[in-house]
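Letter by letter, the chains look like this.
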Amino acid sequence: MQVRAAIIKGHVIDNQTAESIVGGIVKIDATNFKTITGLDGSFTFKNIAPGKYTIIISSLSYQTITKEIVIDKDDDEAVVEVSLISSYGAMTEVVVKKNSGKPAGATDQSARTIEKNADNILNVLSAKTIQLAPDLTVANVLRRVSGVTVDRGESGEGRYPVIRGMDKRYNYTLINGIKIPSPDDKNRYVPMDIFPSEILQRLEVIKALTPDMEGDAVGGVMNLVMRDAPDKFIFDAQGALGYSQMLFDNNFSTYDHGAVNKQSPAEINGPAYNATYADFSKANLVFTTKQPLPDGLLGITIGNRFLKNKVGIIISGSYNSLDRFYKDLFNGINPQPNTSMQYGSTPGLTDLESRSYSIHDDRIAFIGKIDYRINDKNKIDLSTIFTQLTSYQSRLITDTTEGNRDVSQGKEGIVDFMYRSKTNVQNIFSSALQGQHQLSNKLSADWSAVYSIATQKTPDEAELTLSQDSATDPLLISGMTREWQHNSDKDLAGYINLHYKFNIASQKFNVGIGGMTRHKERDNYDNTYNLKVLSSTTPFDNVYDAPFIFTPSSDAKGTPNSQNIYTATEDVSAGYIDARWEPNRKWNILAGVRFESTSQSYDQTMVPNTITGKEGTVRYLDPLPSLHIKYKLNDKSALHFSYFSSISRPGFFEIVPTQKVGEYYTEQGNDSLEHTQAQNLDLRYEYFPGGSNQILIGVFYKNIENPIEYAYVRPATSLSVIKPENGATATNIGFELVYTKYFHKFGISANYTYTYSNAPTIKTQAYIADSTTTTRPVKVNIPLQGQAAHIGNLSLLYKDGKSGLELQLATIYTGRHIVYVSPYYNMDYWQRGSVIVDFSAEKKLGKHFALYAKLGNLLNTSDIIEMNLNSTYLTATSPNWPSKSQPRSDRILVEKKSYGQTYLAGIRYHF
């Protein structure tokens, strides 16, 4: 007689939060049946014979419980629902660390709870999600958030995020809720690749501002929440090795890093000093090739509580060393259009540059936090973070100049070879003393005192330029430049907030009042030396014996009166009042207004007083109202509406009348630039069925006055620059969808954002009339700079708790978007849409160890910038131009960067 077999199914949740418990152990007593709960907290036993069984359910930090179940001979299936109780008792509020030893936001489930309970609209990535993702830096992690694109930096790593189609200038960065300065020499936004991802407890992208938040964000705010002191001893360590595919196929170039002079001759000897070639190091222009060592990653975290749990300490450190090589094909385009009867208005090619970059990056980070729980009602803590990114870059440019070609003589034209070494050091230090106090049953207060400084140093950026008429001719010396640049942003800030809770009848109220003040000091130094030779036919032998001189002799002082040497200050003061009203369980209403006063001033310290624009001051006061309404449809779903008014301040480099040669273009300041003001609306449907699952469907609208965009202009016939300019009032509207669903061992996480922006612009159109080239103004509507219409993320997940194996295949799509705005019709620079595919895996080895691997950019996706114009005209006027420079007839290729794949494998230890 055949015995009928049944299935036992179950689901394990947290008793307090109803979150699914992942990785719980479920076993049938007195049998060999044992399993692990899946990504959705579910478990399954198959082929169970009829009988009475005792099921034992346990999970770390939870009380073990047993369930009795009887399976009759006619049963096909039995269902068990289990609620585990924390072994530490009731949970505290989610915004505070949980007593389970896992801080808020460390798990996917707690990240969902933060999103669910928030007054405003935000997205949260947990430490667990960040750990499994194939990303080493916070910048790359941000690509996983809905509505976020990330511009890649010189090493191919993500660098600057764009939120909801709003350029990086419209965002700011917080560390533990405190705003930090940027080390960038031109902009106030923070390079997010300076932060290693492993130091995060969670990452928040806030898309709607509340009155207690600083108001200078139109796109959004990134809040990096660092790890908090645990309730029991922890020790985490990891190490990894990796490599870049490009290094297998190309020679890596380097120079003597120790030969770089930290200070310029003028800084050492005074601004009146006349330098000679002997004052400059030569070894940093001697390049050697080698096969670099593998990339390395080390990290360690240790934390515990002391003195009867009154004092908590956590210390975390990270070091990452990597080498990258990438190729860059760059077509120099004359922004002044040419005209023809056949092709209309088109640009002209000026140069074809084949660039190669060899980059070594050292990234270090340290965080430390100590908190003191004075009693149940008072707590103070001191947190400190230091992070630094040091980059050593060797660059070679082979430049063929169109204007110098002499095809009739059988020559390809003069070829310039530009060899450059560049050392760049960026760091951020921030220390915050904070307090939280429950002054009475109704009144609470919190405060912060903050000191932060961000610096950048680029000492002795050295470039040697040689030329050659043809491959058989000798190399000739064209010139040399040596540049020293450094800047710092120093912030002193204070914050205070008071909240008073009270009830009227059954309705709850919470009135808040507070303010902040910040004093920022900015210093920028820039000095460039240009060296030449007496004869343009001087052959090059070696850099040590090259006969470089200063001509005219005044060049021996460098640029002591540079307009790029300046000091600046910024004082921001703000105050707000808000009120939260909960008329019943379904409604939560937060309304308030913030007032922000801004005063900016600058002084180009070395520019003569007779120069117009040497000094400048600007002041403005902005009222910033906001309203946030949440209506709970039930315990799992809600409608969320947000309105807020916000601004965006220009960076110091942008409001100072500076001019600096950049990597590709000369950049210029604009002292008439105005700050941006915006009105923002959000409506989102939120559904949190439990565990890590979620569905978010939202729409947003932004009205932006005086948007700031970089335009490609030509102020003089011999000069082409990009400069920030205010555009006409623009609108930005979009749709967002976030979907996360787990099916036992499998999961899918996806998000999609559609954004449409309309920025009215007057452009100049060149055309031919009566055989004469003339121009006319044309009004066009273009997208905002940096705004991609379509952004999508898709991650396929697998987690087997029993074997300890986790896998993730992640795909990112970013649609085409404008990177530079041209003043001429149909000549904007667009970055082509791209798909990036990454893969990561982790395998647990016993209780404490895990192996992991991260594979990046598997499709070798390139960054391609182009114009939406027919390239046939360029081919017709430049018949000897290499065909690879214009591979398509329906586009004009401006630039193509190829980075290659990256590989990393390592081991983790957790105690």
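Let me sum up the structure you'll find in this document. This structure is a prediction, so every number in the text was calculated from the model and none was measured.

1. So, the overall build of the chain
Moving on, step 1. Assigned secondary structure in the chain consists of seven helices and 47 strands.
Moving on, step 2. Scaling as 2.2 N^0.38, a compact globule of 911 residues should have a C-alpha radius of gyration of about 29 Å, and the chain matches this with 30 Å.
Moving on, step 3. By its C-alpha atoms, the chain is 100 × 70 × 60 Å across when sized along the principal axes.
Moving on, step 4. The proportion of buried residues among the 911 residues of the chain is 57%.
Moving on, step 5. Contacts spanning at least 24 positions in sequence make up 70% of the contacts within the chain whose residues lie at least 6 apart.
Moving on, step 6. A total of about 37700 Å² of accessible surface is found on the chain, and carbon and sulfur atoms cover 55% of it.

2. As for empty space enclosed by the protein
Moving on, step 1. Counting across every chain of the model gives 11 cavities of 30 Å³ or more.
Moving on, step 2. The space that makes up the largest cavity amounts to roughly 320 Å³.
Moving on, step 3. What lines the largest cavity is a set of 25 residues, among which Asn140, Glu157, Arg324, Gly856 and Thr902 lie closest to the centre.
Moving on, step 4. Going through the elements one at a time, strand 19 (311–340), strand 43 (834–845), strand 44 (849–856) and strand 47 (902–910) are the ones with two or more residues in the lining of the largest cavity.
Moving on, step 5. The class makeup of the residues in the lining of the largest cavity is eight nonpolar, nine polar and eight charged.
Moving on, step 6. Considered as a void within the structure, the second largest cavity measures approximately 160 Å³ in volume.
Moving on, step 7. If you go around the second largest cavity, you meet 19 residues; those closest to its centre are Tyr172, Lys179, Ile180, Arg188 and Asp216.
Moving on, step 8. Every element with two or more residues in the lining of the second largest cavity is listed here: strand 11 (171–175), strand 24 (476–504) and strand 25 (507–531).
Moving on, step 9. Sort the elements by how many residues they give to the lining of the second largest cavity and strand 11 lands first, with three residues.
Moving on, step 10. Here the residues of the lining of the second largest cavity sort into five nonpolar, four polar and 10 charged.

3. Some remarks on the pattern of salt bridges
Moving on, step 1. Within the structure shown, the criterion is met by 49 salt bridges.
Moving on, step 2. For Asp682, the salt bridge identified is with Arg164, shortest N-O distance 2.7 Å. Pair noted here: Asp682 is in strand 32 (residues 676–690) and Arg164 is in the loop between strand 10 (158–163) and strand 11, with a separation of 518 residues, a long-range link.
Moving on, step 3. Classification of Arg164 by relative accessible area gives buried; the value is 1%.
Moving on, step 4. With a shortest N-O distance of 3.9 Å, Lys186 and Glu667 are connected by a salt bridge. Of the two residues, Lys186 is situated in the loop between strand 12 (178–179) and strand 13 (200–206) and Glu667 in strand 31 (residues 666–668); the sequence distance between them amounts to 481 residues.
Moving on, step 5. We classify Lys186 as buried; its relative accessible area is 12%.
Moving on, step 6. Glu667 gets classed as buried once you look at its relative accessible area, which sits at 14%.
Moving on, step 7. Salt bridges sharing common partners tie together Lys179, Glu214, Asp216, Asp489, Asp491, Arg518, Lys520, Arg522, Arg594, Glu596 and Arg649.

4. Quick notes on the nonpolar core
Moving on, step 1. Leu142, Met192, Phe195, Leu203 and Leu224 are the most contacted members of the largest nonpolar core, which has 29 residues in total.
Moving on, step 2. For this core, the elements supplying multiple residues, two or more each, are helix 3 (138–142), strand 9 (148–152), strand 13, strand 14 (220–226), strand 20 (344–375) and strand 21 (378–401).
Moving on, step 3. Apart from the residues within four sequence positions on either side, Met192 is in contact with Thr137, Val138, Ala139, Leu142, Arg159, Pro161, Thr173, Met222 and Leu224.
Moving on, step 4. Grouped together as the second largest cluster of nonpolar side chains are 21 residues, Ala462, Leu466, Phe548 and Ile565 included.

5. Looking at the packing of aromatic side chains
Moving on, step 1. One pass over the structure, following the stated rule, counts 24 aromatic pairs.
Moving on, step 2. Between Trp484 and Tyr529 the ring centres are 6.0 Å apart and the planes differ by 85°, which places this aromatic pair in the edge-to-face class. Placement of the pair is Trp484 in strand 24 and Tyr529 in strand 25, with a sequence separation of 45 residues.
Moving on, step 3. The exposure class assigned to Tyr529 is buried, which follows from its relative accessible area of 1%.
Moving on, step 4. On the numbers, 4.9 Å between centres and 55° between planes, the contact of Phe849 with Tyr909 is tilted. Note that Phe849 is positioned in strand 44 and Tyr909 in strand 47, a separation of 60 residues in sequence.
Moving on, step 5. Through successive ring pairs, a cluster of aromatic residues spans Phe280, Trp484, Tyr529 and Phe550.
Moving on, step 6. The aromatic ring of Phe330 is capped on one face by Arg355, whose charged end is 5.3 Å from the ring centroid.
Moving on, step 7. Note that Arg908 overlies the ring of Tyr852, its terminal NZ or CZ placed 4.0 Å from the centroid.

6. Section: the environment of Gln485
Moving on, step 1. Tracing the sequence through the fold places Gln485 in strand 24.
Moving on, step 2. Between the C-alpha atoms of Gln485 and Asn564, which are 79 residues apart in sequence, the distance is 9.3 Å.
Moving on, step 3. Looking at Gln485, its side chain comes within polar contact range of the side chain of Gln456, at 3.4 Å.
Moving on, step 4. Polar side-chain contacts of Gln485 include one of 3.2 Å to the side chain of Asn524.

7. Let's talk about unusual backbone geometry
Moving on, step 1. At the junction of Thr551 and Pro552, the peptide bond is cis and its omega measures out at 0° in the coordinates.
Moving on, step 2. Mapped onto the elements, Pro552 comes out in the loop between strand 25 and strand 26 (566–582).
Moving on, step 3. In this structure, Ala30 takes a positive phi of about 65° despite not being glycine.
Moving on, step 4. Mapped onto the elements of the fold, Ala30 is located in the loop between strand 2 (25–28) and strand 3 (34–36).
Moving on, step 5. Look at Asn706: it is not a glycine, yet its phi comes out positive at around 60°.
Moving on, step 6. For Asn706, the location among the structural elements is in the loop between strand 33 (693–705) and strand 34 (708–716).
Moving on, step 7. You can call Asn706 buried: its relative accessible area is 17%.

8. What to know about helix 1 (residues 108–117)
Moving on, step 1. Across the 10 residues that make up helix 1, a large majority, eight, are buried.
Moving on, step 2. Looking at the buried positions of helix 1, the neighbouring elements they touch are strand 8 (122–126), helix 2 (127–132), strand 13, strand 32, strand 33 and strand 36 (730–743).

9. Concerning the sheet that holds strand 7 (residues 77–84)
Moving on, step 1. Spatial strand order, 4-1-7: three strands in an open sheet with mixed pairing. What marks the edges here is a single partner per strand, and that holds for strand 4 (42–48) and strand 7. Strand-to-strand twist of the sheet, defined as the mean angle between neighbouring strand axes without regard to direction, takes the value 15°.
Moving on, step 2. Across five bridges, strand 1 (residues 6–14) lies against strand 4 in antiparallel orientation. Note on strand 4: the bridge partner recorded for Lys9 is Thr44.

10. Here we look at a nonpolar patch on the surface
Moving on, step 1. Nonpolar side chains collect at one region of the surface, where Leu681, Ile697, Tyr701, Ile733, Leu737, Tyr752, Tyr754 and Tyr756 lie side by side and expose about 640 Å² of accessible area between them.
Moving on, step 2. The dominant element in the nonpolar patch, judged by the number of residues it contributes, is strand 37 (residues 746–769), at three residues.
Moving on, step 3. Examined against the element boundaries, Ile697 turns out to sit in strand 33.

Rules used in this analysis
Residues numbered from 1 in each chain as written. Predicted model: local features only at pLDDT ≥ 70, side-chain atom pairs only at ≥ 80, totals over all residues. Heavy atoms only, no water. Helix = DSSP H or I, 4+ residues; strand = E, 2+ residues; numbered from the N terminus. Rg over C-alpha atoms; globule rule 2.2 N^0.38 Å. Buried < 20%, exposed > 50% of the residue type's maximum accessible area, 1.4 Å probe, protein only. Contact = heavy atoms within 4.5 Å. Areas by Shrake-Rupley, 256 points an atom, 1.4 Å probe, with all protein chains shown as cover. 1 Å grid on protein atoms, 1.4 Å probe; cavity = no way out; pocket = protein on both sides within 12 Å on 5 of 7 lines; lining within 4 Å. Points joined across faces, edges and corners; volume = space filled by probe spheres on them. Nonpolar A, V, L, I, M, F, W, Y, C, P; charged D, E, K, R; others polar. Salt bridge = Lys/Arg side-chain N within 4 Å of Asp/Glu carboxyl O. Core = buried A, V, L, I, M, F, W, Y, C linked by side-chain atoms within 4.5 Å. Phe/Tyr/Trp six-rings, centres within 6.5 Å; stacked < 30°, edge-to-face > 60°. Lys NZ or Arg CZ within 6 Å of the ring centre and 35° of its normal. Polar contact = N/O pair within 3.5 Å; in protein donor to acceptor, adjacent residues only side chain to side chain. Pairing = 2+ DSSP bridges. Axes fitted to C-alpha atoms, helices over the stretch in contact; angles between N-to-C directions. Patch = residues over 30% accessible without salt bridge, like charges linked within 9 Å, V, L, I, M, F, W, Y side chains within 5 Å.

Geometric descriptors of this kind do not, in isolation, establish any biological role.
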